[in-house]
Amino acid sequence: MVRRDQQAIEQLGISKLKDELWAIRHWTDNFFSENDKTPLLDGNILLYSSDKHSNANLIGSISCQIKSTTAKNVKKYHKYYRLDRDDLAGIEKMGGALLFVIWIKDPNNYKIYYQRLTRLYITQLLEKSNAKNPSIPLTEFPSDSNKKINILRQAAFDLNATIANNLVEIKNPDKIIIPTYMLDPNDFKSSMEGLENQSLTIYAKKEGSLHPLALINNDDIELIKTGLDINKVSFGTMGPFDVKRFSSQKKKYNEPIIYFITGASSKLTITVHNPSQKKNRVTMKVNKADNVSDQLTNIKIMKYLVTNGKINVNGTTIDLSNHMVPLDNEKLKEIDRWIDELSAIKEISQKLNINFYRDYENEQLISQLNILLNFVNDRDGLTEHEIVPGIFNYGDRLIGIIKTRDNYWNFFDRNLVNHFQLLGALESSRDQLVVVNPYLIAQQSQKSITRYIGYNFDIIFNWFTSHVESFEKEVIRNQATIFCEDLIMNAESSERDVWQQINKLQTLMGHFEDNRLFLDHQLIQRKLGHKITIDENERLIKLAKAGNTVEKLYADYLRRL
């Protein structure tokens, strides 16, 4: 090989680059300087939408930096070190460039590499390296004409779009744009090779401007193909379920992985690894379903597959048992524990009308749930007519449960009145038992009834409506009064609907000759902004003067409201 000086090497490199661009001359013009003394930029490439090279067909102009070298490490490692930090900072200030590096051994033995030096790319490169001459990774410039033109289109887009030199956060963008000139879905492997050492920019479009959100490389890209065929699959007696097929492939995979999405709510994923090999491997994953019934079904399917392996697809039986990853006895016992736990959660959720499943992964709440389960399952020692209430903490709420020997209910179960009657009496006359409102059993806890999960004013009010004659009994009036005062104590001033509920119950109860009931009712009238009558005002004045101490204070307070 004849030894050449650097200027001759540079000129030879530019010549070889022009030769490579000749194949796409219908879409490009190039203007390169052969003087190695030119600062920072060595020319540009004009990119057109057709072979008519007019201003009307101009797509964009690509500024270029061209470097030629005989260094063997460029070919071996695909890296270039001859641009220092000042050079890169200068290129960044000028808007970026498409870097071409031509490795030359002789006129017939050369390689052309490239890197898109956008402002964003240069900024991140300088931030990641403190070296005077940062390492610039390179990608081989392809021989295929279509791939060449797509690289130039990508470069033209990014160099013109990337005005910012930093990633940004954009709230509520109008569009998310990912330029895909360099991706070929029909040749995934080739696309990944072409993107080696390259980055794609994800943009947000906001009010007509593009803003860079993220940079991705070929490690981040995944090819997903979705099957459009509709199939049905059954697992023993379970099913049929819809089954959808799709595959995904990343750079590190020689072939795609195939996924079958099926089961209840399509939350069961069956994965086939190495599908082209006879010894392919099948694994399963149960994603958390939206409800406990579907989750339980999918866990049962998983157990069925690992212990049986036979499925029925569109009427045809397929045996997967030879391909399933076997589970040891401990893992099978763990699956059985999941089934038992979910079955218990499903039962108690349905019985108490509380969705315990949504808290399945909360250790503190599961611990409290186990206390509930122990309470409802411990019923064998009860007598036939025995009723046992229980009040339990659940997070920052309360759960009330009434259990008998054969069943259990939430304190606010709508059908509670169909299962038993609750009797009560005044402390002063215990022998005069009357049927009381069973939904107010929660009042024995000395905690606000509104803290209970399942609390429902209408259920309580409807019982009083159907037993309105019971208000003649003092014990019933006491129940209703304590309930109203509980609501008064725990209602916010702005909760008009609560004040209206109290007013509704007080009006139903009546008996305002009782000073306590009268004063409570007057409080609610003021909360609702109702006008009071002359008679009511005169009665307040009398109570403020002649009532007992509590009545005096209460009446005086109401007069000042």
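Residues numbered from 1 in each chain as written. Predicted model: local features only at pLDDT ≥ 70, side-chain atom pairs only at ≥ 80, totals over all residues. Heavy atoms only, no water.

Draft legend 1. Region of the structure containing the overall build of the protein chain. Across its full length, the protein chain carries 15 helices and 24 strands. Against the 2.2 N^0.38 benchmark of 24 Å for 561 residues, the protein chain shows a C-alpha radius of gyration of 39 Å, more extended than a compact globule. Overall, the C-alpha framework of the protein chain stretches about 120 × 70 × 45 Å when taken along its three principal axes. Burial analysis of the protein chain (561 residues in total) assigns 43% to the buried set. At a minimum sequence separation of 6, the contacts of the protein chain that also span at least 24 residues come to 56%. (Helix = DSSP H or I, 4+ residues; strand = E, 2+ residues; numbered from the N terminus. Rg over C-alpha atoms; globule rule 2.2 N^0.38 Å. Buried < 20%, exposed > 50% of the residue type's maximum accessible area, 1.4 Å probe, protein only. Contact = heavy atoms within 4.5 Å.)

Draft legend 2. Geometry of helix α5 (residues 145-161). Taking 1.5 Å per residue, 17 residues should reach 24 Å; α5 reaches 24 Å between its end C-alpha atoms and fits that length. Those residues of α5 that fall on the buried side of the exposure criterion are Lys148, Ile149, Ile151, Leu152, Gln154, Ala155, Ala156, Asp158, Leu159 and Ala161. Its side-chain oxygen 3.0 Å from the backbone nitrogen of Asn146, Asp144 forms the N-cap of α5. (Expected span 1.5 Å × (residues − 1). Polar contact = N/O pair within 3.5 Å; in protein donor to acceptor, adjacent residues only side chain to side chain.)

Draft legend 3. The packing of aromatic side chains, seen in detail. This model, assessed by the stated rule, comprises 17 aromatic pairs. Ring geometry for Phe246 versus Tyr259: centroids 5.0 Å apart, planes at 20°, classification stacked. With a gap of 13 residues between them, Phe246 in strand β14 (residues 238-249) and Tyr259 in strand β15 (residues 257-262) connect regions that are remote in the sequence. A centroid spacing of 6.1 Å and a plane angle of 65° characterise the contact between Phe412 and Tyr452, whose relative ring orientation is edge-to-face. Here Phe412, found in the loop between β22 (408-410) and β23 (423-424), pairs with Tyr452, found in the loop between β24 (434-435) and α10 (457-466); they are 40 residues apart in sequence, far enough to count as distant. Given a relative accessible area of 1%, Tyr452 falls into the buried group. Ring pairing ties together the aromatic residues Phe411, Phe412, Tyr452, Tyr455, Phe457, Phe461 and Phe483, which thus form one cluster. Between Lys288 and the ring centre of Tyr357, over which it is positioned, the NZ or CZ distance is 5.1 Å. Lys351 extends its terminal NZ or CZ atom over the ring of Tyr408, reaching a point 5.4 Å from the ring centre. (Phe/Tyr/Trp six-rings, centres within 6.5 Å; stacked < 30°, edge-to-face > 60°. Lys NZ or Arg CZ within 6 Å of the ring centre and 35° of its normal.)

Draft legend 4. Region of the structure containing the sheet that holds strand β21 (residues 397-403). What the three strands build is an open sheet, ordered β20-β21-β22; its pairing is antiparallel. Across the chains shown, the open sheet's two edge strands, defined by having one partner strand only, are β20 (388-394) and β22. Adjacent strand axes in the sheet meet at a mean angle of 25°, parallel and antiparallel pairs treated alike. Summarising the sheet, β21 and β22 pair through three bridges and their orientation is antiparallel. Note that in β22 the partner of Ile402 across the bridge is Trp409. Strands β21 and β22 of the sheet are contacted by helix α8 (residues 329-352), whose axis makes an angle of about 60° with β22. Sitting on the sheet, helix α9 (residues 363-377) is in contact with β20, β21 and β22, with an inclination near 175° to β20. (Pairing = 2+ DSSP bridges. Axes fitted to C-alpha atoms, helices over the stretch in contact; angles between N-to-C directions.)

Draft legend 5. Looking closely at a negative patch on the surface. On the surface, a cluster of negative charge is made up of Glu472, Glu474, Glu513 and Asp514. Position of Glu472 relative to the elements: it lies in the loop between α10 and α11 (474-490). (Patch = residues over 30% accessible without salt bridge, like charges linked within 9 Å, V, L, I, M, F, W, Y side chains within 5 Å. Areas by Shrake-Rupley, 256 points an atom, 1.4 Å probe, with all protein chains shown as cover. Salt bridge = Lys/Arg side-chain N within 4 Å of Asp/Glu carboxyl O. Lys, Arg positive; Asp, Glu negative; His and termini not counted. Charge placed at Lys NZ, Arg CZ, Asp CG, Glu CD.)

Draft legend 6. Region of interest: the side chain of Gln295. By the element assignment, Gln295 lies in helix α7 (residues 292-307). By relative accessible area, which is 9% here, Gln295 ends up buried. Looking at Gln295, its side chain comes within polar contact range of the side chain of Tyr357, at 3.3 Å.

Draft legend 7. Representation of helix α3 (residues 85-93) in the model. Of all the positions in α3, only Leu88, Gly90, Ile91 and Glu92 are classed as buried. Looking at the buried side of α3, the elements it contacts are β3 (58-69), β5 (97-106), β6 (109-117), α4 (119-128) and β7 (136-137). Of the residues that open α3, the one with a side-chain oxygen 3.1 Å from the backbone nitrogen of Asp86 is Asp84. Trailing α3 by a residue or two, Gly95 shows a phi angle of about 100°, which is positive.

Draft legend 8. Local environment of the pattern of salt bridges. All told, the structure shown has eleven salt bridges when counted by the stated rule. One salt bridge connects Arg116 with Asp158, and the closest N-O pair in it is separated by 2.5 Å. Linking Arg116 in strand β6 with Asp158 in helix α5, this pair joins segments that are 42 residues apart in sequence. The exposure class assigned to Arg116 is buried, which follows from its relative accessible area of 5%. The class for Asp158 is buried, based on a relative accessible area of 0%. With a shortest N-O distance of 4.0 Å, Lys333 and Glu330 are connected by a salt bridge.

Draft legend 9. Representation of the nonpolar core. Core analysis: the biggest nonpolar cluster contains 48 residues, and Ile449, Phe464 and Leu505 have the highest contact counts within it. When contributions to this core are tallied by element, the ones reaching two or more residues are β21, α10, α11, α12 (496-509), α13 (515-527), α14 (534-546) and α15 (549-560). Sorting elements by how many residues they give to this core places α11 first, with seven residues. With residues up to four places along the chain from it excluded, the contact list for Ile449 reads Phe412, Tyr439, Leu440, Ala442, Tyr455, Ile460, Phe483, Asp486 and Leu487. In this structure, Ile258, Leu352, Tyr408 and Ile453 belong to the second largest nonpolar core, which totals 46 residues. (Core = buried A, V, L, I, M, F, W, Y, C linked by side-chain atoms within 4.5 Å.)

Draft legend 10. Quick peek at a positive patch on the surface. Residues Arg358, Arg397, Lys447 and Arg451 make up a contiguous surface patch of positive charge. Note that Arg358 resides in the loop between α8 and α9. Judged by its relative accessible area of 58%, Arg358 falls in the exposed class.

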